[in-house]
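Residues per chain are reported as follows:
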Amino acid sequence: MGEGDIATVELLKGELDERRREAGQRERQLERYASDLRETFKAERARGEQLRASYVATVRALVNAVEARDAYTGAHADRVAAYGLELTWLIDPRLAADPQTEFGFLLHDVGKVALPDGILHKPGRLGPEERRLVRRHPEIGCEIVGGTGFLTDAAQIVRYHHEQWDGNGYPDGLAGDKIPLAARIFAVADTLDAMTTDRPYRPGASLAEARAEIRVLAGTQFDPDIIDRLDEIPDARLGQLREGV
Ligand SMILES: [Fe+2]
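Procedures and definitions
Here the residue numbering is sequential within each chain, running from 1 through the sequence in written order. Residue-level local features of this predicted model are given only where pLDDT is at least 70; pairs of side-chain atoms are given and counted only at 80 or more, and the full residue set underlies all totals for whole chains, interfaces and linings. To get the side-chain values, take all heavy atoms of the structure and skip hydrogens and water. Strands are runs of DSSP state E lasting at least 2 residues, helices are runs of H or I lasting at least 4, and numbering of each runs from the N terminus. Note that the radius of gyration is over C-alpha atoms, with the globule rule given as 2.2 Å times the number of residues to the power 0.38. Each residue gets one of three labels from its accessible area relative to the maximum for its type: buried under 20%, exposed over 50%, partly exposed in between, using a 1.4 Å probe on protein chains only. Residues are treated as being in contact if the distance between any of their heavy atoms lies within 4.5 Å. Method for areas: the Shrake-Rupley scheme with a 1.4 Å probe, in which residue coverage is limited to the protein chains shown. A residue counts as positive if it is Lys or Arg and as negative if it is Asp or Glu; His and the chain ends are not included. One atom stands in for each charge, and that atom is NZ of Lys, CZ of Arg, CG of Asp or CD of Glu. The rule for donors is simple: N, O or S, within 2.8 Å of the metal, or within 3.2 Å if the metal is Na, K or Ca. Water isn't counted, so a site may look like it is missing partners. Four donors are marked tetrahedral only if all angles between them lie between 85 and 135 degrees, whereas four are marked square planar and six octahedral if opposite donors are more than 155 degrees apart and the other angles lie between 65 and 115; the remainder are marked irregular. Each helix should span, by expectation, one fewer than its residue count multiplied by 1.5 Å. Planes of paired rings set the category: under 30 degrees apart is stacked, over 60 is edge-to-face and the rest tilted, where pairs are Phe, Tyr or Trp rings (Trp by its six-membered ring) whose centres lie within 6.5 Å. Take a side-chain nitrogen of Lys or Arg and a carboxyl oxygen of Asp or Glu: if they are within 4 Å of each other, that pair is a salt bridge.

Trainee: What am I meant to see in the overall build of the chain here?
Mentor: Along the backbone of the chain there are twelve helices and zero strands. When its helices and strands are written in sequence order, the chain yields α-α-α-α-α-α-α-α-α-α-α-α. For 245 residues, the compact-globule estimate of 2.2 N^0.38 gives 18 Å, and the C-alpha radius of gyration of the chain, at 29 Å, exceeds that figure by more than 25%. Seen along its three principal axes, the alpha-carbon backbone of the chain occupies a region of about 115 × 35 × 35 Å. Split into buried and exposed, the 245 residues of the chain put 32% on the buried side. Considering only contacts in the chain between residues 6 or more positions apart, those separated by 24 or more positions represent 60%. When the accessible area of the chain is evaluated, it comes to approximately 14200 Å², of which 54% is carbon and sulfur surface. Measuring between centres, the 33 positive side-chain charges of the chain sit 3 Å from its 43 negative side-chain charges.

Following this line, the structure appears as structure tokens:
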């Protein structure tokens, strides 16, 4: 090997070292970017969780506002939300995964805060004017929940939770699939809980009795497909949901 060749080899070695140094620097830089990204992602996730927690706290505060006046409603809201979500997971998992669905279920009767005690706690039958006031609670609730600005879908459940499949419900008399699916599901869960819960004037029905009574109302009060799906949930599971398991 001549002197020229040695010089060329040294030069190449030098260049190679330089490339290695550059590659090392690039690798370290990439590692820094990756670590920055991980940190940003973690911070974003923490912020998302905080935001969700504040939604839940807001919803809880609203539910408590109703519960404070009507002890039955608070526990009822939790049970109906549990039944409703179980059904929604069977029927439309994407709808079930949307937190607004649960919020709407929990808040369905929030509009009752506007009712005077004399009507809310009246033991006997309501007169026509009192009934008219009670029937306004879905619209009032929708305004309260919709007014938060971030619970638009939940507000729709609140508004339509007393609509009926045959169009004989209120406030808008919507029929069939014009009623939002979550509100149709809610109506079934609501009735299931109302039938199976003890009241001062009557004991609650068994699950079998409630299922039979609800089945009779398929196609008039309720979406028949949802009643079919309810039959897929065993009594034992409904019992667990009732106890909050
Ligand atoms: Fe209601």
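Trainee: Help me understand the coordination of the iron ion in this model?
Mentor: Geometry reference: four tetrahedral donors at a metal, ideal angle 109.5 degrees. Six octahedral donors, ideal angles 90 or 180 degrees. Surrounding the iron ion are the protein donor atoms Asp109 (OD), His137 (NE2), His161 (NE2) and His162 (NE2), at 2.1 to 2.2 Å. Here the iron ion is ringed by four donor atoms whose angles at the metal span 81 to 172 degrees, and the overall shape comes out irregular.

Trainee: Looking at this structure, I do not really get helix 9 (residues 181-196). What am I missing?
Mentor: Helical periodicity: at 3.6 residues per turn, an α-helix aligns residues three or four positions apart in one direction. Relative to the 22 Å expected for 16 residues at 1.5 Å per residue, helix 9 spans 23 Å between its end C-alpha atoms, a close match to the ideal helical length. With 14 of 16 residues buried, helix 9 lies mostly within the body of the structure.

Trainee: Where do I start with the packing of aromatic side chains in this structure?
Mentor: Each aromatic ring pair is described using two quantities: the centre-to-centre distance and the angle formed by the ring planes. Tallied over the entire structure, the rule returns two aromatic pairs. Geometrically, the ring pair formed by Tyr55 and Phe150 is stacked, given 4.2 Å between the ring centres and 10 degrees between the ring planes. Of this pair, Tyr55 sits in helix 1 (residues 3-67) while Phe150 sits in the loop between helix 7 (137-146) and helix 8 (152-160), placing them 95 residues apart in sequence. Considering the side-chain rings of Phe105 and Phe186, the 5.8 Å spacing of their centres and the 35 degrees angle between planes classify their relative orientation as tilted. On the criterion of sequence distance, the pair formed by Phe105 in helix 4 (residues 99-106) and Phe186 in helix 9 is long-range, its members being 81 residues apart. Since its relative accessible area comes to 0%, Phe105 is described here as buried. Overall, the relative accessible area of 0% leaves Phe186 in the buried class.

Trainee: Any chance you could explain the pattern of salt bridges here in plain terms?
Mentor: Think of it this way: side chains of opposite charge can pair up when their charged atoms draw near. Following the criterion strictly, the structure yields 19 salt bridges and no others. Residue Arg159 is joined to Asp172 by a salt bridge in which the shortest nitrogen-to-oxygen separation is 2.9 Å. Of this pair, Arg159 sits in helix 8 while Asp172 sits in the loop between helix 8 and helix 9; the two residues are 13 residues apart in sequence, bridging distant segments of the chain. Judged by relative accessible area, Asp172 falls into the partly exposed class, the value being 36%. Of the charged contacts in the structure, one is a salt bridge between Arg211 and Asp235, with a shortest N-O distance of 2.8 Å. Of this pair, Arg211 sits in helix 10 (residues 207-216) while Asp235 sits in helix 12 (residues 235-242), and the two are 24 residues apart along the sequence.

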